[in-house]
Amino acid sequence: MKIPQKFFARQHEIAADYLRELDKHLDDIVSGRATEMFEVRDFADLIHVHPTHLSNTIKSATGHSPCYFFEERLMEISKSMLQNLSTPIAEIARILTYDPSNFTKFFKHFAGQTPKQYREEYFNSLANKEIVTI
């Protein structure tokens with residue numbers, strides 16, 4: 001049995017809607033317009049599908065689970081925020097709805113180093129580039 005093309009189009013539409021809502025929600029978190037992190041069921045409600053259907057559809061359309069995109073985007077935001085020395089790591093954790101200990105565990109799990117180590121390595125690499133270019 002051949003699967004209709006509109007089935008695949010709908011899969012990609014759902015995945016695109018999820019990614020759009022994910023970016024919007026994380027922007028709201030960073031800006032302070034939202035104070036609680038959404039879960040898959042919250043995104044499913046926003047795009048009017050069942051949470052299981054959302055997870056299965058995103059996995060089918062992209063090869064990755066919804067959590068993969070959530071965690072990847074959260075890591076991008078975390079790294080960007082850590083590149084600002086004036087914001088303490090504990091404040092970054094709070095903004096991203098983590099307590100500092102759990103933020104460190106989350107970050108280390110995905111980056112292979114703690115937020116403090118990442119920040120130090122980032123600024124050391126900048127200092128080394130400045131020395132080389134002078």
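Residues numbered from 1 in each chain as written. Predicted model: local features only at pLDDT ≥ 70, side-chain atom pairs only at ≥ 80, totals over all residues. Heavy atoms only, no water.

**Structural notes on the environment of phenylalanine 110**
Moving on, step 1. Here phenylalanine 110 lies in helix α6 (residues 100-111).
Moving on, step 2. We classify phenylalanine 110 as partly exposed; its relative accessible area is 38%.
Moving on, step 3. Each C-alpha atom, one on phenylalanine 110 and one on glutamate 71, is 8.3 Å from the other, the two residues being 39 residues apart in sequence.
Moving on, step 4. When residues no more than four places from it in sequence are discounted, the contact partners of phenylalanine 110 are Glu71 and Met75. (Helix = DSSP H or I, 4+ residues; strand = E, 2+ residues; numbered from the N terminus. Buried < 20%, exposed > 50% of the residue type's maximum accessible area, 1.4 Å probe, protein only. Contact = heavy atoms within 4.5 Å.)

**Points about helix α3 (residues 51-62)**
Moving on, step 1. Under the 1.5 Å per step criterion, the end-to-end length of α3 is 16 Å for 12 residues, consistent within 8% with the ideal 16 Å.
Moving on, step 2. All buried positions along α3 are accounted for by Leu54, Thr57, Ile58 and Ala61. The buried side chains of α3 occupy one side of the element, clustering within an arc of 100 degrees when seen end-on. (Expected span 1.5 Å × (residues − 1). Arc of directions from axis to C-beta.)

**Let's talk about the side chain of glutamate 21**
Moving on, step 1. Tracing the chain through its elements places glutamate 21 in helix α1 (residues 5-31).
Moving on, step 2. For the buried residue glutamate 21, which engages in no salt bridge, the nearest side chain bearing the opposite charge is lysine 24, 4.2 Å off.
Moving on, step 3. Residues in contact with glutamate 21, not counting those within four places in the same chain, are Phe43, Leu46 and Ile47. (Lys, Arg positive; Asp, Glu negative; His and termini not counted. Salt bridge = Lys/Arg side-chain N within 4 Å of Asp/Glu carboxyl O.)

**Observations regarding the pattern of salt bridges**
Moving on, step 1. Inspection of the entire model under this criterion finds 8 salt bridges.
Moving on, step 2. Residue arginine 10 is joined to glutamate 13 by a salt bridge in which the shortest nitrogen-to-oxygen separation is 3.2 Å. One end of the pair, arginine 10, and the other, glutamate 13, are both in helix α1, 3 residues apart, so they sit about a helical turn from each other.
Moving on, step 3. Note on arginine 10: relative accessible area 35%, which makes it partly exposed.
Moving on, step 4. Take glutamate 13: its relative accessible area is 41%, and that puts it in the partly exposed class.
Moving on, step 5. The partner of arginine 94 in a salt bridge is glutamate 91, and the shortest N-O contact between them spans 2.6 Å. Placement of both arginine 94 and glutamate 91 in helix α5 (residues 89-95) is noted, with a separation of 3 residues, approximately one turn of the helix.
Moving on, step 6. Salt bridges linked by common partners bring Asp23, Asp27, Arg73 and Glu76 together as one network.

**Some thoughts on the side chain of serine 78**
Moving on, step 1. Within the fold, serine 78 resides in helix α4 (residues 66-82).
Moving on, step 2. Residues contacting serine 78, with those up to four places away along its chain left out, are Leu96, Phe103 and Phe107.

**So, unusual backbone geometry**
Moving on, step 1. You will see that histidine 48, though not glycine, has its phi angle at about 60 degrees, which is positive.
Moving on, step 2. The residue histidine 48 is located in the loop between α2 (40-46) and α3 in this model.
Moving on, step 3. For histidine 48, a relative accessible area of 72% puts it in the exposed group.
Moving on, step 4. Positive phi values are uncommon outside glycine, yet threonine 97 reaches one of about 70 degrees.
Moving on, step 5. By the secondary structure assignment, threonine 97 is in the loop between α5 and α6.

Such coordinate-based values are descriptive only and should not be taken to indicate function.
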